[in-house]
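Given next are the chains, with one letter for each unit.
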Amino acid sequence: MTEGAYGWSRRDLLRRAALVATGAVAGAGASEAWSTRRRLPLAGGPASATSGNGQQDVGSGTLPVVWSVSTTRRLVALTFDDGPAPQWTPMVLDTLARHRVPATFFLVGAQVRKYPDVVRGRLAEHEVGNHSWRHRDLAQLDTTAVYDDLRRSHDAIADVTGSSPRLLRPPYGHLGGAVLHAAARLDYRLVLWSLQMVEREYPHDPAGHARRIVAEVRPGAIVLGHDVGDQRRLVALRGLPDMIIGLRARGYTFVTVSALLGAGVTPTRTG
């Protein structure tokens with residue numbers, strides 16, 4: 001096996017890093033392993049959650065990541081990504097208004113700038129989150145680029161909606177180290193999902209799709225939907241009224257993500 005630039009093989013580096021992480025290496029050996037790792041070209045890159053070795057600006061210094069919420073109450077949060085879009089977002093907003101359902105919209109900053117009138121004045125009952133500036137895979141970018149992207153989107157969303165986002169859902173749910181670092185700097189909470197509205201089993205059957213979602217929702221679920229997309233997503237949106245009615249028949253109450261987080265006990269990955 002070839003050795004790295006500092007006289008360590010890749011296997012040795014991985015082994016010693018694991019030992020340090022578990023506390024099995026102590027004293028001079030641990031310092032040596034950490035020193036070797038710090039010289040690797042990771043800082044500032046997509047694999048890194050650091051922007052350098054100095055004092056870092058990382059907001060509160062903590063970063064919660066949530067897939068769903070542990071609760072015995074029948075609460076569910078609907079979320080919609082990628083908008084706004086004039087062909088889709090009004091359909092979602094009209095349905096939610098008709099059924100008096102609050103939701104959380106993870107908005108793309110460039111879309112907000114392009115279609116401000118689609119959401120302006122229509123999100124008072126809802127919550128907004130940041131979904132990046134142009135929906136690029138942020139896990140591929142370095143810390144500076146990710147921060148600039150999210151900050152630009154943050155400002156656009158705040159300007160148009162009147163609400164500053166406190167939640168972040170990175171595109172594709174990709175949590176690269178630079179994403180973690182930028183999210184911490186902005187004091188965001190990272191929100192993923194436990195159930196998707198994207199239709200595969202019932203590609204031409206909105207009612208069948210709705211029945212599937214109703215059957216699969218569990219207390220504390222965060223449901224991923226989209227108000228931009230293709231025909232599979234359109235099927236899901238056409239089934240949205242049936243899904244709302246079906247979940248209410250099961251005793252569920254719809255809340256925003258922040259309200260769900262406030263009602264939960266401990267974040268958990270299972271929905």
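The structure presented is a predicted model; accordingly, all values stated were derived computationally and were not measured. (Residues numbered from 1 in each chain as written. Predicted model: local features only at pLDDT ≥ 70, side-chain atom pairs only at ≥ 80, totals over all residues. Heavy atoms only, no water.)

Here the structure, examined in full by the defined rule, presents eight salt bridges. Between Arg113 and Asp159 there is a salt bridge, with the nearest N and O atoms lying 3.2 Å from each other. With Arg113 in helix α4 (residues 109-114) and Asp159 in helix α6 (residues 143-161), this pair connects stretches of sequence that are 46 residues apart. For Asp159, a relative accessible area of 57% corresponds to the exposed category. Residues Glu216 and Arg212 are paired through a salt bridge, measuring 3.2 Å at the closest nitrogen-oxygen approach. Within this pair, Glu216 and its partner Arg212 are both found in helix α8 (residues 206-216), separated by four residues, close to a single helical turn. Of the residues examined, Glu216 reaches a relative accessible area of 35% and is grouped as partly exposed. (Salt bridge = Lys/Arg side-chain N within 4 Å of Asp/Glu carboxyl O. Helix = DSSP H or I, 4+ residues; strand = E, 2+ residues; numbered from the N terminus. Buried < 20%, exposed > 50% of the residue type's maximum accessible area, 1.4 Å probe, protein only.)

The complete set of buried residues in helix α3 (residues 89-99) reads Thr89, Val92, Leu93, Thr95, Leu96 and His99. Seen end-on, α3 carries its buried residues on one side only, within an arc spanning 160 degrees. The exposed residues of α3 that point more than 90 degrees off its buried face are Ala97 and Arg98. Following α3 by one or two positions, Arg100 has its phi on the positive side, about 55 degrees. (Arc of directions from axis to C-beta.)

Attention now goes to the packing of α3 against helix α10 (residues 240-249). Two elements in contact, α3 and α10, have axes separated by 10 Å at closest approach and are oriented at 30 degrees. Classified by the interaxial angle, the pair formed by α3 and α10 is roughly parallel. Considering the relative orientation of α3 and α10, their crossing is right-handed. Residues Val92, Thr95, Leu96, Arg98 and His99 of α3 form the contact with α10, whose own contacting residues are Leu240, Pro241, Ile244, Ile245 and Arg248. Of the residues that constitute the contact of α3 with α10, the class distribution is six nonpolar, two polar and two charged. (Axes fitted to C-alpha atoms, helices over the stretch in contact; angles between N-to-C directions. Parallel < 35°, antiparallel > 145°, perpendicular 65-115°, else oblique. Left-handed = near helix turned anticlockwise from the far one by under 90°. Contact = heavy atoms within 4.5 Å. Nonpolar A, V, L, I, M, F, W, Y, C, P; charged D, E, K, R; others polar.)

Let us now look at the nonpolar core. Among the nonpolar cores identified, the biggest contains 36 residues, and Leu78, Phe80 and Leu96 are the most heavily contacted of them. A total of four residues in this core trace back to one element, the largest contributor, which is α10. Setting aside residues up to four positions removed in sequence, Leu96 forms contacts with Leu78, Phe80, Val101, Ala103, Phe105, His126, Leu240 and Ile244. Val146, Ala183, Tyr188 and Leu190 belong to the second largest nonpolar core, which has 13 residues in total. (Core = buried A, V, L, I, M, F, W, Y, C linked by side-chain atoms within 4.5 Å.)

So, on to the packing of α6 against helix α7 (residues 177-185). Look at α6 against α7: their axes get within 8 Å of each other, and the N-to-C directions meet at 45 degrees. Our classification of the angle between α6 and α7 gives oblique. Note on packing geometry: the crossing formed by α6 with α7 is right-handed. Judged by residue contacts, Thr143, Val146, Tyr147 and Leu150 of α6 engage Ala178, Val179, His181, Ala182 and Arg185 from α7. Class assignment for the residues of the contact of α6 with α7 results in six nonpolar, two polar and one charged.

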